[in-house]
Amino acid sequence: MPRISIAFIGLGGIASQAHLPAIKELGFNVDFCVDVDEQRVRSFTEKTGCKGYSDYKEMLENENLDAVLIATPNIFHATIAVEALKNGAHVYIEKPMATNIEEALKIVDAAYRVSKFAVVGHNGRFDYKAHTAAKLIHRGNLGRVYHARGFILRQRGIPPAPTFIKKSLAKGGAVYDIASHAIDMLLYLSGYPKPVSVKGFTYRAFGDRVEEFGMSYPQPPQPGMVCEVEDFGSAYISFDGGAGMYVEVSWASYVKENKVEYIVLGERGGIQIDGTSLSYVTSLEREFFVASPPSIPQVNSYREAWRRFLNAIENNDEALLCPIATAEQGVIDVTILASIYESSLIGKEVKIDVPNKLVERAREQLKCLKL
Ligand SMILES: NC(=O)c1ccc[n+]([C@@H]2O[C@H](COP(=O)([O-])OP(=O)(O)OC[C@H]3O[C@@H](n4cnc5c(N)ncnc54)[C@H](O)[C@@H]3O)[C@@H](O)[C@H]2O)c1
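Just so you know, these numbers come straight off a predicted model, no measurement behind them.

Draft legend 1. View of the site of the ligand. Taken together, 25 residues form the shell around the ligand, and within it Asp35, Arg40, Asn74, Thr163 and Tyr217 come nearest. Glu94 is positioned with one of its side-chain polar atoms (N or O) 3.0 Å from a nitrogen atom of the ligand. A distance of 3.3 Å separates an oxygen atom of the ligand from a polar side-chain atom of Tyr302. For the ligand, whose free accessible area comes to 850 Å², the fraction covered by protein is 89%. Elements with a minimum of two residues in the shell around the ligand: helix H1 (13-25) and helix H7 (162-165). Of the residues assigned to the shell around the ligand, the class counts are ten nonpolar, ten polar and five charged. Two domains each provide a minimum of three residues to the shell around the ligand, namely domain 1 (6-124 + 302-323) and domain 2 (125-300 + 330-370).

Draft legend 2. Expanded view of the pattern of salt bridges. This structure, assessed with the given rule, holds 20 salt bridges. Close ionic contact of Arg3 with Asp31 constitutes a salt bridge, the shortest N to O distance being 3.0 Å. Note that Arg3 is positioned in the segment before strand E1 (6-9) and Asp31 in the loop between H1 and strand E2 (32-34), a separation of 28 residues in sequence. A relative accessible area of 59% means that Arg3 is categorised as exposed. Given a relative accessible area of 17%, Asp31 falls into the buried group. Each of Glu25, Arg303, Glu304, Arg307 and Arg308 takes part in a single network of salt bridges with overlapping partners.

Draft legend 3. Summary view of the domain arrangement of the protein. What the domain assignment reports for the protein is domain 1 (6-124 + 302-323) and domain 2 (125-300 + 330-370). The centre of domain 1, based on its C-alpha atoms, is set 24 Å off from the matching centre of domain 2. Here domain 1 meets domain 2 over a buried area of about 2,800 Å², counting both sides, of which 60% is carbon and sulfur. The three residues of domain 1 that bury the most area against domain 2 are His122, Gly124 and Pro323, which together make up 23% of that side's buried surface. At the boundary of domain 1 and domain 2, one finds two salt bridges. Salt-bridge contacts for Glu318 lead to Arg361; the nearest nitrogen and oxygen are separated by 2.9 Å. Where domain 1 packs against domain 2, one counts 21 residue pairs in polar contact (both at pLDDT 80 or more). Elements supplying a minimum of two residues to the side of domain 1 that touches domain 2: H1, helix H5 (101-114) and helix H11 (301-315).

Draft legend 4. Geometry of the sheet that holds E2. Taken together, the seven strands give an open sheet; going across it, the order is E3-E2-E1-E4-E5-E6-E15, and neighbouring strands pair in mixed fashion. Only two strands of the sheet have a single neighbouring strand rather than two, namely strand E3 (51-53) and strand E15 (325-326). Pairing geometry for E1 and strand E4 (residues 67-70), over four bridges, is parallel. Bridged to Phe8 within E4 is Leu69. This element, H11, spans E1, E4, strand E5 (90-93) and strand E6 (118-120) of the sheet and lies at about 165° to E5.

Thresholds, definitions, all that
- All residue numbers here refer to positions counted from 1 along the written sequence of the relevant chain.
- Residues qualify for local features only when their pLDDT is at least 70, as the model is predicted, and side-chain atom pairs are given and counted only at 80 or more; totals for whole chains, interfaces and linings, by contrast, use all residues.
- Side-chain descriptors were evaluated using all non-hydrogen atoms of the structure, hydrogens and water having been removed beforehand.
- Any residue with a heavy atom lying within 4 Å of a molecule or strand is counted as near it.
- Any pair of nitrogen or oxygen atoms within 3.5 Å is treated as a polar contact; in protein, a donor-acceptor pairing is required on top of that, and neighbouring residues in sequence qualify only through side-chain atoms on both sides.
- Here the Shrake-Rupley method, with its probe set to 1.4 Å, supplies the accessible areas, and only the displayed protein chains count as covering residues.
- The helix and strand labels rest on DSSP assignments: H or I over at least four residues marks a helix, E over at least two residues marks a strand, and numbering proceeds from the N terminus.
- Side-chain classes are defined by residue name, with Ala, Val, Leu, Ile, Met, Phe, Trp, Tyr, Cys and Pro counting as nonpolar, Asp, Glu, Lys and Arg as charged, and the others, Gly among them, as polar.
- For every domain, the bounds stem from an assignment made automatically or drawn from a database.
- Whenever a carboxyl oxygen of Asp or Glu lies within 4 Å of a side-chain nitrogen of Lys or Arg, that contact is scored as a salt bridge.
- Here the term buried applies to any residue with accessible area under 20% of the maximum for its type, exposed to any over 50%, and partly exposed to those in between, with areas from a 1.4 Å probe on protein chains only.
- Buried area: the sum, over both parts, of the accessible surface (1.4 Å probe) that disappears when the two are put together.
- Only when DSSP finds a minimum of two bridges between them are two strands counted as paired.
- Contacts are residue-level and defined by heavy atoms, with any inter-residue pair within 4.5 Å sufficient.
- Between N-to-C directions, angles span 0 to 180 degrees; the directions come from axes that are lines fitted to C-alpha atoms, helices contributing only their stretch in contact.

Laid out in structure tokens, this is it:
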């Protein structure tokens, strides 16, 4: 089996702090690397020995690539992904995969045309609690699922880098950044019901106070920084068949503590995941029971996502991707995210119409959770 050649496009925080260590743990290295910031290219080249470029198009033209990570600001994801696919590479796109539905669909289309894989960086799926919960739910332990909700709430967590806070690069704020993870998680856990409408709300409360409300990733806040995008978002999403979902996220807010929590409710049981625990709640003989695993192993979720991705490439087998987030699943995520912004703007519920075929594919791609 010839070795897999890997390129990274965008060499900032997530590429160097999460993806690089993940592939190294798997015994791989970065062969080619691109950033518009030449200083970043130099230091990445020194660290990894990769061949550096400052223009991704030049790299795609010159090199024979098997796998490409796209970790640039959001607005470039889709264009780069489509070009990389056309050049015959499999793509691993950081979230959100695109900033509008049309571009997200173009990625799915490009991947079909060249028979390559396009996956999205929702690595939270590989967290032990989430993966265990997903298996419990997909194997029927909750009965019919009718409600799911997710919270990612930070007190002082505006990511103070242009990638996240400049509208021209990020397009949106907390919703594209962290509601994308929350919605992916809830769709993954609840098995891709078909969304039919969204009522969303976004708000920019701390944009002029980045020094006070910023976090240290991907770099400490600089004086005078302004966050041009929203730092709060919430949405109620309705699904075909009557189920509902609520999501609330904040980069910054006056909450007592930071919180990441997911709850999925079914007619025969419920799942609750928070920062440190996973609980399964059910009833037996009219008595409530709460079960939790006695220990929660720490999993490097980036490594697990890369393991699936590289294994599927090596064996040319799409089924081996499961449960990594696929481009089809990413389109559904982006459709909901874009609708949150639209609904907030017009102050009304927005109807959405995702093609049935896409939803069926999204469900099929999670088949491994049932086995
Ligand atoms: N999965 C996760 O949990 C997670 C976490 C953090 C970031 N992300 C995503 O990863 C992406 C990057 O985030 P980051 O934290 O690394 O940001 P960052 O600002 O640290 O890095 C982005 C890099 O992209 C480079 N860049 C900009 N335009 C480019 C272009 N056209 N071609 C090549 N390089 C270009 C920048 O110079 C910078 O080095 C974002 O889309 C973000 O949403 C995902």
